[in-house]
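Structural features, examined
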Amino acid sequence: MAIEPAPALEVTRLAFRYPDGGFELRLPSLRLARGEELLLVGRSGCGKSTLLQLIAGLADPTSGTVSVAGQDIHALRGAARDRFRGRSIGMVFQTFNLLQGFSALENIMVAMLMSDLPKADWRPRAQALLASLGIERIDAPAENLSVGQQQRVAVARALACRPALVLADEPTASLDPDNAVNAVRILREACRAQGAALLVVSHDPSLEALFPRRERLDALVAAEGARA
Amino acid sequence: MSDLTIVLRSLSVRRFSTGLVVLLVALSAGLLLAILSLRSAGERAFERGTGNAHLLVSKDGSPLASVLNGLFYANPPKAPIAYAQLAQLRGSFPWAMFVPTAIGDSYRGFPVVATTGEFFTAFQPVLGEPWVFAEGRAFERNFEVVLGASVARETGLRMGAQLVMTHGSGKSREGGDEHAHVHEEYSFTVVGILAPTGSPHDRALFSDLESSWMLHAHDRFEREGTHKTVTPSDLVEGDRVVTGVLLRLPSRDPLSAPPALVSQYDRMRRDGSITVAIPSNEVQRLFAIVKSIDVLFVAMAAATLVSSACAILLSMINSMSERRRQVAILRVLGASPARIFWLVLTESTVIGLAGAALGVAVCAVVLFAATQWLLSAHGIMIAPQLDARSAVLVAMGTTLLAGIAGIVPSALAYRTPVSRNLRPIG
């Protein structure tokens, strides 16, 4: 009997109290299988970004666990957690957050530099990723690319280290509806091609039709009755 | 792709401010290095000028003035040494070298040194480096003159050229010396041109003592109302004066001072009518006098270097707002806070290193220019080379200072909160 691989993401009884004490995020459970896609919708300020930071290990929960590919990320400390995040989690942001002054290719390779990926693989993999996403001007500074191209470079960077999980934080917020649909399609296809699970958080309900699985964060946290 | 690539890209994003700071560091480091190099090179150049004379006798007011006037031709010595005293001095010790000199005439502002043939055979302008004639020979007859290398270059005089001396001071007639007058009656013929020595002697002309005495005798006759062409037979003892004597004691090692030098020096100093100087000691004394000013210059240059380190600090702190986003992105990509710290620290160190490297280049240019100027204006030749030890120390110091200046921005980057600097994200 084959051993089932650990899920891409498993959140268990997660709680986080903001430093000002005025709001506490509670999430009883959230599970994302390998290669699964999930859209998490919630209004602005409901804690979507905080949840992503907790999953990425950029913030520590008050209690509960977050496991990515079977690893409790908060059990790791310091540089070990940073290395794990770089290797196992890819992130896409609303404003793409590409490194200024770096070419499209270099933006991908920086992510690889921070991971354990063998150095010989960096350039070929980065070139292949960019080619698969239709980026031809790979040596152009990222800031000189069009918005659509920048977004695809951001997607390529998130997938650079073959992560188990890609977190996308409002990836369509700065796009018009047509481009938003296209951007989500590119993101889903790229993650699917790389075998990465995808968790998208957004306040835009129009994206719901694009995802087979979607949840409302408000409903998830309400189930625990933890909203302040 | 490496951490250094990240550092260089980060610097290139702010290329204007980075360039300015690197330039500032380079100027500071170059200035400090130039001062240190010129200091040691200048000292060496002055030491070269003292030649192989163990002692210099004159009637100047002090040993230092004696050396500055008698070997560096700063001013013509005022008081002459009488012939009788010269003869007495010659017989007082078995000198290995006894070269009398009379300085006071000039040609187009260049001092004329009247001396004996021994000046070219026994006296060395630089210790261990005898005279070399680029052209011609030493004077052998009256009214022959030998040109120092700089004199030949600057006046354009060639072998066989005729010239007349200005009597009075070392200043030219154009310089306004009211006592100067030209001995039109006696023209000198250029019979030799010396190769450069890198010493003040390059800016002098050399003729025989007897000719100089005849010029003075001519003046004496004119004062007496007699107008005649003077010959050696017209000279009286009062005409036969010199302004200095270059002395050398017998020595087994031509490059070091003999043990008898100090006792001989002390013996001669007892004679209050003359001033005795050990040229190399006087040069050291001169450097000791200017040392405090010298230290001040070095301190000012070092302060400039520290201020450039402050500029690095300010520049990096000013760039923190844009740097925070970069730091947050790198953290998301897997960089640890410690790695971020070292990346920023490397950035400031690279600025220091680039500044130091550029500073060494700036220094080389400054030294070359200074060398050319000193050589043409004062006959002091300094090889256009950096003092290697100083260069290494300044480069290391600059880089270290830059690294120290980077500690605060590095610590700020280390503490940069990630989530706040990736907004808008939700």
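Criteria and cut-off values
Residues numbered from 1 in each chain as written. Chains lettered and ligands numbered in written order. Predicted model: local features only at pLDDT ≥ 70, side-chain atom pairs only at ≥ 80, totals over all residues. Helix = DSSP H or I, 4+ residues; strand = E, 2+ residues; numbered from the N terminus. Buried ≥ 20, exposed ≤ 12 C-beta atoms within 10 Å, placed from the backbone. Contact = placed C-beta atoms within 7 Å. Pairing = 2+ DSSP bridges. Axes fitted to C-alpha atoms, helices over the stretch in contact; angles between N-to-C directions. Expected span 1.5 Å × (residues − 1). Parallel < 35°, antiparallel > 145°, perpendicular 65-115°, else oblique. Left-handed = near helix turned anticlockwise from the far one by under 90°. Nonpolar A, V, L, I, M, F, W, Y, C, P; charged D, E, K, R; others polar. Core = buried A, V, L, I, M, F, W, Y, C linked by C-beta atoms within 7 Å. pLDDT = per-residue confidence, 0-100. Right-handed = clockwise from strand over helix to strand, strands pointing away.

**Points about the overall build of chain B**
- When its secondary structure is counted, chain B shows 13 helices and 10 strands.
- Within chain B, the proportion of its 426 residues that are buried is 45%.
- For chain B, the proportion of contacts with a sequence separation of at least 24, taken over those separated by at least 6, is 79%.

**Describing the overall build of chain A**
- Helix and strand counts for chain A stand at 7 helices and 9 strands.
- Looking at chain A as a whole, 51% of its 228 residues are labelled buried.
- A separation of at least 24 residues holds for 74% of the contacts in chain A among residues at least 6 apart in sequence.

**Comments concerning the sheet that holds strand β7 (residues 165–169) of chain A**
Residue and element names in this part refer to chain A.
- Strand order in the open sheet made by the 5 strands is β6-β7-β8-β3-β9, with parallel pairing throughout. Unpaired on one side and paired on the other, β6 (89–93) and β9 (214–216) mark the two borders of the sheet. Pairs of neighbouring strands in the sheet enclose a mean axial angle of 15°, with direction left out of account.

**A look at helix α12 (residues 388–405) of chain B**
- Along its 18 residues, α12(B) runs 25 Å from first to last C-alpha, staying within 8% of the 26 Å computed at 1.5 Å per residue.
- Restricting attention to buried positions, one finds in α12(B) the residues Ala391(B), Val394(B), Thr398(B), Thr399(B), Leu401(B), Ala402(B), Gly403(B) and Ala405(B).

**Thoughts on the sheet that holds strand β4 (residues 63–68) of chain A**
All names here are of chain A.
- Strand order in the open sheet made by the 4 strands is β2-β1-β4-β5, with antiparallel pairing throughout. At either end of the open sheet lies a strand with only one pairing partner, and these are β2 (24–32) and β5 (71–72).
- Where β4 lies against β5, 2 bridges are found, and the strand directions are antiparallel. Across the sheet, Val68 pairs through a bridge with Gln71, a residue of β5.
- Contacting β1 (9–17), β2 and β4, helix α1 (residues 48–56) crosses the sheet at an angle of about 120° to β1.

**As for the packing of helix α3 (residues 104–113) of chain A against helix α4 (residues 119–132) of chain A**
Residue and element names in this part refer to chain A.
- At a closest axis distance of 9 Å, the pairing of α3 and α4 adopts a crossing angle of 125°. Comparing their axes, α4 and α3 come out oblique. The handedness of the crossing between α3 and α4 is right-handed. Of the residues in α4, those touching α3 at Ala104, Leu105, Ile108, Met109 and Met112 are Trp122, Arg123, Ala126, Gln127, Leu129 and Leu130.
- For the contact of α3 with α4, the residue count by class is 9 nonpolar, 1 polar and 1 charged.

**So, the interface of chain A and chain B**
- Chain A puts 33 residues into the contact, and the matching count from chain B is 23 residues.
- Sort the elements by how many residues they give to the side of chain A that touches chain B and helix α2 (residues 78–88) of chain A lands first, with 7 residues.
- Of the residues that constitute the side of chain A that touches chain B, the class distribution is 15 nonpolar, 10 polar and 8 charged.

**Looking at the packing of α3(A) against helix α5 (residues 147–158) of chain A**
All names here are of chain A.
- Between α3 and α5, the shortest axis-to-axis distance is 8 Å and the interhelical angle comes to 25°. Between α3 and α5, the angle is such that the two are roughly parallel. The two elements α3 and α5 meet at a crossing, and its hand is right-handed. Counted together, Ala104, Asn107, Ile108 and Ala111 of α3 and Val153, Ala156 and Arg157 of α5 form the full contact between these two elements.
- Taken together, the residues of the contact of α3 with α5 sort by class into 5 nonpolar, 1 polar and 1 charged.

**Remarks on the nonpolar core**
- Leu165(A) and Leu199(A) are the most contacted members of the largest nonpolar core, which totals 127 residues.
- Setting aside its immediate chain neighbours within four residues, Leu165(A) contacts Ala8(A), Leu9(A), Val68(A), Ser88(A), Ile89(A), Ala196(A), Ala197(A) and Leu199(A).

**Topic: the confidence of the model for chain B**
Residues and elements named next belong to chain B.
- Residue-level pLDDT values for chain B average 85, and 92% of them are 70 or greater.
- Here residues 170–176 is a poorly scored stretch, pLDDT under 50, and it has 17 contacts once near neighbours within four places are set aside; other chains count.
- Scored by ipTM, the complex comes to 0.87, with pTM at 0.69.

**A short note on the pairing of strand β8 (residues 197–202) of chain A**
All names here are of chain A.
- With 6 of 6 residues buried, β8 is to be regarded as a mostly interior element.
- Covered by surrounding structure in β8 are Ala197, Leu199 and Val201 together with Leu198, Val200 and Ser202, the residues of both alternating faces.
- Relative to β8, strand β3 (residues 37–41) runs parallel, the two being bridged by 5 bridges. Bridge assignment links Leu38 to a residue of β8, and that residue is Leu199.
- In this sheet, β8 lies alongside β7 in parallel orientation, the contact comprising 5 bridges. The residue bridging Leu167 from the neighbouring strand is Leu199, located in β8.
- Where the polypeptide runs from β7 across helix α6 (residues 177–194) and back to β8, its parallel neighbour, the crossover connection is right-handed.

**A few points about the environment of Val22(B)**
Residues and elements named next belong to chain B.
- With respect to the helices, strands and loops of the structure, Val22 is situated in helix α2 (residues 15–49).
- Along the primary structure Val22 and Ala356 are separated by 334 residues, whereas in three dimensions their C-alpha atoms are 8.4 Å apart.
- Among all residues touching Val22, those that are not within four sequence positions of it are Ile351, Ala354, Gly355 and Leu358.

**Overview of unusual backbone geometry**
- Although it is not a glycine, Asn97(A) sits at a positive phi angle of roughly 50°.
- With respect to the helices, strands and loops of the structure, Asn97(A) is situated in the loop between β6 and α3.
- Given 24 C-beta atoms within 10 Å, Asn97(A) falls into the buried group.
- Positive phi outside glycine occurs at Phe143(B), with the angle close to 60°.
- Along the chain, Phe143(B) turns up in the loop between β4 (133–136) and β5 (144–147).

**Let's talk about the pairing of strand β9 (residues 244–248) of chain B**
Residue and element names in this part refer to chain B.
- Most of β9 is tucked away, with 5 of its 5 residues classed as buried.
- A two-sided burial pattern is seen for β9, the buried positions comprising Gly244, Leu246 and Arg248 on one face and Val245 and Leu247 on the other.
- Sheet topology places strand β1 (residues 55–58) next to β9; 4 bridges connect them, and they run antiparallel. The residue bridging Val57 from the neighbouring strand is Val245, located in β9.
- Examined bridge by bridge, strand β2 (residues 97–107) and β9 share 5 bridges and lie antiparallel to one another.

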